[in-house]
Amino acid sequence: QVQLVESGGGLVQAGGSLSLACAASGRAFSSYTMGWFRQAPGKEREFVAAIHWNGVLIYYADSVKGRFTISRDNAENTMYLRLNNLKPEDTAVYYCATSSSWSRVSNNYNYWGQGTQVTVSS
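Residues numbered from 1 in each chain as written. Predicted model: local features only at pLDDT ≥ 70, side-chain atom pairs only at ≥ 80, totals over all residues. Heavy atoms only, no water.

## As for the side chain of histidine 52
Here's step 1: When you line up the elements, histidine 52 lands in strand 5 (residues 46–52).
Here's step 2: Accessibility expressed as a relative area gives 5% for histidine 52, which makes it buried. (Helix = DSSP H or I, 4+ residues; strand = E, 2+ residues; numbered from the N terminus. Buried < 20%, exposed > 50% of the residue type's maximum accessible area, 1.4 Å probe, protein only.)

If you want it as structure tokens, here you go:
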């Protein structure tokens, strides 16, 4: 019923930028919240950013605040993450997800994409 597909990952030099997109089908954009998470090799999945359905409520993890920008276009059923001034520690698989509540906790998100790899070289 709901499918999320991430795109835009790749290899970039430290200090560079990438733009990620999450295309949704079904009723994903009826969700209260959409968010981005990331998982580095051998580490637990961590919260990156979340955005409310109307786009005015936004929360960023401290590690990315001021560098990343989350947005959504409900008409296109797409959520975006702009990654600026990338650092090697940003290297991870990035996932988009949907939630019926306003949350930074991965367990509160109901649907997940397959992930897209972001690799930042020094």
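Still more ground to cover, so stick around.
## Considerations on the state of the cysteines
Covalent bonding between the sulfur atoms of two cysteines defines a disulfide.
Here's step 1: As enumerated under the stated definition, the model contains one disulfide in all.
Here's step 2: The disulfide partner of cysteine 22 is cysteine 96, and the gap between their sulfur atoms is 2.0 Å. Negative torsions about the S-S bond denote left-handed disulfides, and the value of about 55 degrees found for cysteine 22 with cysteine 96 makes this one right-handed. Of this pair, cysteine 22 sits in strand 3 (residues 18–25) while cysteine 96 sits in strand 9 (residues 92–99), and the two are 74 residues apart along the sequence. For the residue pair cysteine 22 and cysteine 96, the accessibility class agrees, reading buried in each case. (Disulfide = S-S within 2.5 Å.)

## Quick word on the sheet that holds strand 8 (residues 78–83)
Here's step 1: Strand order in the open sheet formed by four strands is 1-3-8-7, and the pairing between neighbours is antiparallel. In this open sheet, the two edge strands, each paired with only one partner strand, are strand 1 (3–7) and strand 7 (68–73). Each adjacent strand pair in this sheet contributes to an overall mean axis angle of 15 degrees, direction not counted.
Here's step 2: Bridge analysis of strand 1 against strand 3 gives five bridges, and the strand direction is antiparallel. By the bridge assignment for strand 3, serine 7 is matched with alanine 21. (Pairing = 2+ DSSP bridges. Axes fitted to C-alpha atoms, helices over the stretch in contact; angles between N-to-C directions.)

## Considering the nonpolar core
Here's step 1: Grouped together as the largest cluster of nonpolar side chains are 30 residues, with contacts concentrated most on Trp36, Val48, Phe68, Ile70, Met79, Leu81 and Tyr94.
Here's step 2: Mapped by element, the contributors of at least two residues to this core are strand 3, strand 4 (33–39), strand 5, strand 7, strand 8, strand 9 and strand 11 (116–121).
Here's step 3: Looking at this core, the element that brings in the most residues is strand 5, giving five residues. (Core = buried A, V, L, I, M, F, W, Y, C linked by side-chain atoms within 4.5 Å.)

## Examining the environment of tyrosine 80
Here's step 1: Counting through the fold element by element, tyrosine 80 comes out in strand 8.
Here's step 2: For tyrosine 80, a relative accessible area of 17% corresponds to the buried category.
Here's step 3: Each residue touching tyrosine 80, except ones within four places of it in the same chain, is listed here: Leu20, Ala21, Trp36, Thr69, Ile70, Ser71 and Asp73.
Here's step 4: A polar contact of 3.0 Å, which involves the side chain of tyrosine 80, links it to the side chain of glutamate 76. (Contact = heavy atoms within 4.5 Å. Polar contact = N/O pair within 3.5 Å; in protein donor to acceptor, adjacent residues only side chain to side chain.)

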